2 protein chains.
Amino acid sequence: MNQKHTEISQLGEFGLIDRLTEGIEHVNASTVTGVGDDAAVLRYPDTEVLVSSDLLVEGIHFDLTYVPLKHLGYKAAVVNFSDIYAMNGTPRQITVSLGISSRFTVEHMEQLYAGLRLACELYGVDLVGGDTTSSRSGLIISVTCIGDAQAGKVVLRSGAKNTDLICVSGDLGSAYMGLQLLEREKAVSAGDKDFIPKFEGKEYLIERQLKPEARRDIIAALAEKDIVPTAMMDISDGLSSELLHICKASHTGCRIYEDRIPIDYQTAVMAEEVNMNLVTAALNGGEDYELLFTVPLHCHDKVQSIEGVKVIGHITDPQLGCALVTRDGVEMTLRAQGFNHMPPAQDNDSQQ
Amino acid sequence: MNQKHTEISQLGEFGLIDRLTEGIEHVNASTVTGVGDDAAVLRYPDTEVLVSSDLLVEGIHFDLTYVPLKHLGYKAAVVNFSDIYAMNGTPRQITVSLGISSRFTVEHMEQLYAGLRLACELYGVDLVGGDTTSSRSGLIISVTCIGDAQAGKVVLRSGAKNTDLICVSGDLGSAYMGLQLLEREKAVSAGDKDFIPKFEGKEYLIERQLKPEARRDIIAALAEKDIVPTAMMDISDGLSSELLHICKASHTGCRIYEDRIPIDYQTAVMAEEVNMNLVTAALNGGEDYELLFTVPLHCHDKVQSIEGVKVIGHITDPQLGCALVTRDGVEMTLRAQGFNHMPPAQDNDSQQ
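Keep in mind that this is a model prediction, so the values were computed, not measured. (Residues numbered from 1 in each chain as written. Chains lettered and ligands numbered in written order. Predicted model: local features only at pLDDT ≥ 70, side-chain atom pairs only at ≥ 80, totals over all residues. Heavy atoms only, no water.)

## Notes on the sheet that holds strand β10 (residues 290-295) of chain A
All names here are of chain A.
- With mixed pairing, the seven strands of this open sheet are ordered in space as β8-β10-β7-β11-β9-β12-β13. Pairing within the sheet leaves two strands with one partner each, and these edge strands are β8 (231-235) and β13 (331-333). Strand-to-strand, the axes of this sheet are offset by a mean angle of 25 degrees, without reference to chain direction.
- Both strand β7 (residues 165-169) and β10 contribute to a ladder of four bridges, which runs antiparallel. (Pairing = 2+ DSSP bridges. Helix = DSSP H or I, 4+ residues; strand = E, 2+ residues; numbered from the N terminus. Axes fitted to C-alpha atoms, helices over the stretch in contact; angles between N-to-C directions.)

## Regarding the pairing of strand β2 (residues 40-43) of chain A
- Relative to β2 of chain A, strand β1 (residues 31-33) of chain A runs antiparallel, the two sharing two bridges. Bridging from a neighbouring strand, T31 of chain A pairs with L42 of chain A of β2 of chain A.
- Taking the residues between adjacent antiparallel strands as the criterion, β1 of chain A and β2 of chain A are bridged by six residues, where G36 of chain A takes a positive phi near 115 degrees.
- For β2 of chain A and strand β3 (residues 47-57) of chain B, the ladder comprises four bridges, and the chain directions are antiparallel. When the sheet's bridge partners are listed, A40 of chain A is paired in β3 of chain B with V51 of chain B.

## Quick notes on the interface of chain B and chain A
- Contacts between the two partners involve 80 residues from chain B and, on the opposite side, 81 residues from chain A.
- Approximately 6,200 Å² of surface area, both sides summed, lies buried where chain B meets chain A, with 54% of it carried by carbon and sulfur atoms.
- Counting across the chain B and chain A interface gives two salt bridges.
- E48 of chain B is the salt-bridge partner of R43 of chain A, the closest N and O atoms lying 3.0 Å from each other.
- Our count for the contact surface shared by chain B and chain A stands at 14 residue pairs in polar contact (both at pLDDT 80 or more).
- Ranked by the residues each element gives to the side of chain B that touches chain A, the list is headed by helix α1 (residues 8-21) of chain B, at twelve residues.
- Across the side of chain B that touches chain A, the residue classes break down as 33 nonpolar, 31 polar and 16 charged. (Contact = heavy atoms within 4.5 Å. Buried area = accessible area lost by both parts, 1.4 Å probe. Salt bridge = Lys/Arg side-chain N within 4 Å of Asp/Glu carboxyl O. Polar contact = N/O pair within 3.5 Å; in protein donor to acceptor, adjacent residues only side chain to side chain. Nonpolar A, V, L, I, M, F, W, Y, C, P; charged D, E, K, R; others polar.)

## As for the packing of helix α4 (residues 174-189) of chain B against helix α5 (residues 203-210) of chain B
Residue and element names in this part refer to chain B.
- Running from N to C, α4 and α5 point in directions that differ by 100 degrees, and their axes come no closer than 7 Å. Overall, the two elements α4 and α5 adopt an arrangement that is roughly perpendicular. Where α4 approaches α5, its residues S174, A175, Y176, M177, G178, L179, L181 and L182 are matched on the opposing element by Y204, L205, I206, R208, Q209 and L210.
- Classifying every residue of the contact of α4 with α5 gives ten nonpolar, three polar and one charged. (Parallel < 35°, antiparallel > 145°, perpendicular 65-115°, else oblique.)

## Some thoughts on the confidence of the model for chain A
Residues and elements named next belong to chain A.
- Residues with a pLDDT of 70 or more make up 95% of chain A, whose mean pLDDT is 89.
- When the criterion is pLDDT under 50, residues 342-352 qualifies, and its contacts beyond four places in sequence or with other chains add up to 40 contacts.
- Both confidence scores are given for the complex: pTM 0.89, ipTM 0.87. (pLDDT = per-residue confidence, 0-100.)

## A word on the relation of the copies chain B and chain A
- Structural alignment of chain B on chain A gives an RMSD of 0.0 Å, achieved by rotating through 180 degrees and translating 0.0 Å along the axis. One copy is carried onto the other by what is essentially a two-fold rotation axis. Among all residues of chain B, the one whose C-alpha sits closest to the rotation axis is P45 of chain B, at a distance of 2.2 Å.
- The overlap is high: 100% of the interface residues of chain B also sit at the interface in chain A, so the same surface is used on both sides. (Least-squares fit on C-alpha atoms with pLDDT ≥ 70 in both.)

## Quick word on the sheet that holds strand β4 (residues 90-100) of chain A
- Spatially, β5(A)-β4(A)-β6(A)-β3(A)-β2(B)-β1(B) is the arrangement adopted by the six strands of the open sheet, whose pairing is mixed. The open sheet has two free edges, formed respectively by β5 (126-134) of chain A together with β1 (31-33) of chain B, since each of these has just one partner strand. Strand-to-strand, the axes of this sheet are offset by a mean angle of 20 degrees, without reference to chain direction.
- Docked against the sheet, helix α1 (residues 8-21) of chain A engages β4 and β5 of chain A, running at close to 145 degrees with respect to β5 of chain A.
- Strand contacts of helix α3 (residues 106-123) of chain A: β4, β5 and β6 (140-150) of chain A, with the helix running at about 170 degrees to β4 of chain A, the strand carrying the most contacts.

## Here's the deal with the environment of T31 of chain B
All names here are of chain B.
- In this structure, T31 sits in strand β1.
- Between the alpha carbons of T31 and D259 there is a distance of 46 Å; along the sequence they are 228 residues apart.
- Ignoring sequence-local partners within four residues, the contact set of T31 consists of H26, V41, L42, Q93, D126 and V128.
- A distance of 2.8 Å separates polar atoms of two side chains, one belonging to T31 and the other to Q93.
- A polar atom in the side chain of T31 sits 2.5 Å from the side chain of D126.

## Some details on the pattern of salt bridges
- Under the counting rule described, the total for this entry stands at 32 salt bridges over all chains.
- Of the charged contacts, one joins E331 of chain A and R255 of chain A as a salt bridge, the two residues approaching to 2.9 Å between their closest N and O atoms. In this pair, E331 of chain A sits in strand β13 while R255 of chain A sits in strand β9 (residues 253-257), placing the two residues 76 residues apart along the sequence.
- In this structure, the salt-bridge partner of D63 of chain B is K186 of chain B, at a minimum N-O distance of 2.5 Å. Here K186 of chain B lies in helix α4 and D63 of chain B lies in the loop between β3 and α2 (69-85), a separation of 123 residues in the sequence.
- You can call D63 of chain B buried: its relative accessible area is 18%.
- With relative accessibility at 34%, the residue K186 of chain B sits in the partly exposed group.
- Here the residues in one salt-bridge network are R208, R215, D217, D288 and E290 of chain A, joined through shared partners. (Buried < 20%, exposed > 50% of the residue type's maximum accessible area, 1.4 Å probe, protein only.)

## Observations concerning the packing of α4 of chain B against helix α8 (residues 265-273) of chain B
Residues and elements named next belong to chain B.
- Where α4 contacts α8, the axes come no closer than 9 Å and their chain directions differ by 45 degrees. It follows from the interaxial angle that α4 and α8 lie oblique. Along this stretch, α4 crosses α8, giving a crossing that reads as left-handed. On α8, the residues that touch S174, M177, Q180, L181 and R184 of α4 are T267, M270, A271 and E273.
- Looking at side-chain class alone, the contact of α4 with α8 contains four nonpolar, three polar and two charged residues. (Left-handed = near helix turned anticlockwise from the far one by under 90°.)

Following this line, the structure appears as structure tokens:
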């Protein structure tokens, strides 16, 4: 990289914020004032206001040897938008707090902000504030997103009812397989700077891992068809884990069917290459940011007609538990093996 | 410490969140739902919504050798409340994201949450969500606070006008002197666990550093006297730095008077002990979380009658610059030496 390097100490905190937020314009009427005061000022008459927060830590959530900073910024914003869409809402503002260690330059932070700003632009979200500070080790990114929803249209995890259909958008396991691919090529490269990784034929997996999108289109399609899901989440920790959340919060059981789980061809190829069970990857691989939702049975035809949505099973009485029905008709209890960034729980009942 | 230690890995992320948020009740009508979904749901008809974020990093913002976790949690919440009060608003909800390294146990996190919850209880704020993840080194705390204000009553930094009076609440420099005292005793103890630090006669300084309070009382007093400040900030980085922010945002200059700056007796004693210029400490020492605000000249008598508020100077035309007038009448240009947690800016004009 033959780029300009400005030590952050040359600008100081406020100089850095000035630089990073220069020219940011607001697109939402609910944004009254943004960066540059003790707090941003928002205004929402007669709507529900939604708030979602995420903390990303270098070495835990991302590896800068293969994640470009611009992609990281994009993803940090989009995963929060995804949380707001998963409430059937619209993201409107984000605040971004950064912890920055001394190896990062102003240009690095500008790349990160370029990604944040691109995501905000594409999704129509305003960047309204945050905090910038030092870190002793690596980069820390904390994003809080504020959104809104029509009064009465917010969809919680807890509304699933017996016989409701379980639906997912897109396909599952591809972001996880993208991570496997990136990790494999990193291991092969062994630090060689001129190494050219082999991604041919697997570009989709890389994109899913490095540049995920939030499913705004699905939320719009549901609204257009006048469908309000009974429960909804985005899939960040894996289908199993999220479905168990919905069933726990809704006091229900569920059955999903192996042959209904949407899996992309590239995901299948990669799973075979790394000798991993494909269904396990689709059930437990995280970071797909697809939507998982339930709708009443009578919505079957309408929901099936939405491109990119698949019905994968149905909600049951709680005493039936939560299970995957395999292709040969065997019921396997769903477990939250999960893809979260904490040490695994010993007790699978502990998920929220 | 003879306390129970539960490895966080025994509970897992969701188990930990369940444990930490057990029994949390909401007190604000604007809180529709809290922890346990993709996002919290808030509702604010006909009001301004305020959002403030802060990121605290171990080794940068706090030293756990002398900061008890409960105090840390309390302070992490209160400093965000202070930002909302500084907008003339009322804090209503917080989200808390934690990055936790492996040396911390569940009991440690419960202590931290005990402080967060105590602060929320005392200030009438609801804890509505957040994120919990691993960290490779130390503890990371990211707090976002959402508040509201009466429409039209939000006070920005940018509204100060020529001839306005400059006011501060409480006294300045004491939190900074508390930090000096804690650092001194830590150095003297040299890691001896049985060491008993000497805090007699300086309890106020310790309290100001470890358990700061947000000046809700001043906001209430201003409302009672029907005073809406023209500009306001809380003093987190030091009086000089904050006053320069207000003057920059308001396109004004200012004069403040050395003999008007409120300083506690204990602060003066400590400054002498550590051979530090007292006025420098009061101007640049951070973390006081007092309010700095400007009011129109005609409010002089009303604002003087509020206990704990002192008029320290006045706003001027911008071409007069920003200066401190010493006891002997000399004008010293104000500089943002600041107490921020970034390397110092080389250019003093770079503050926002």
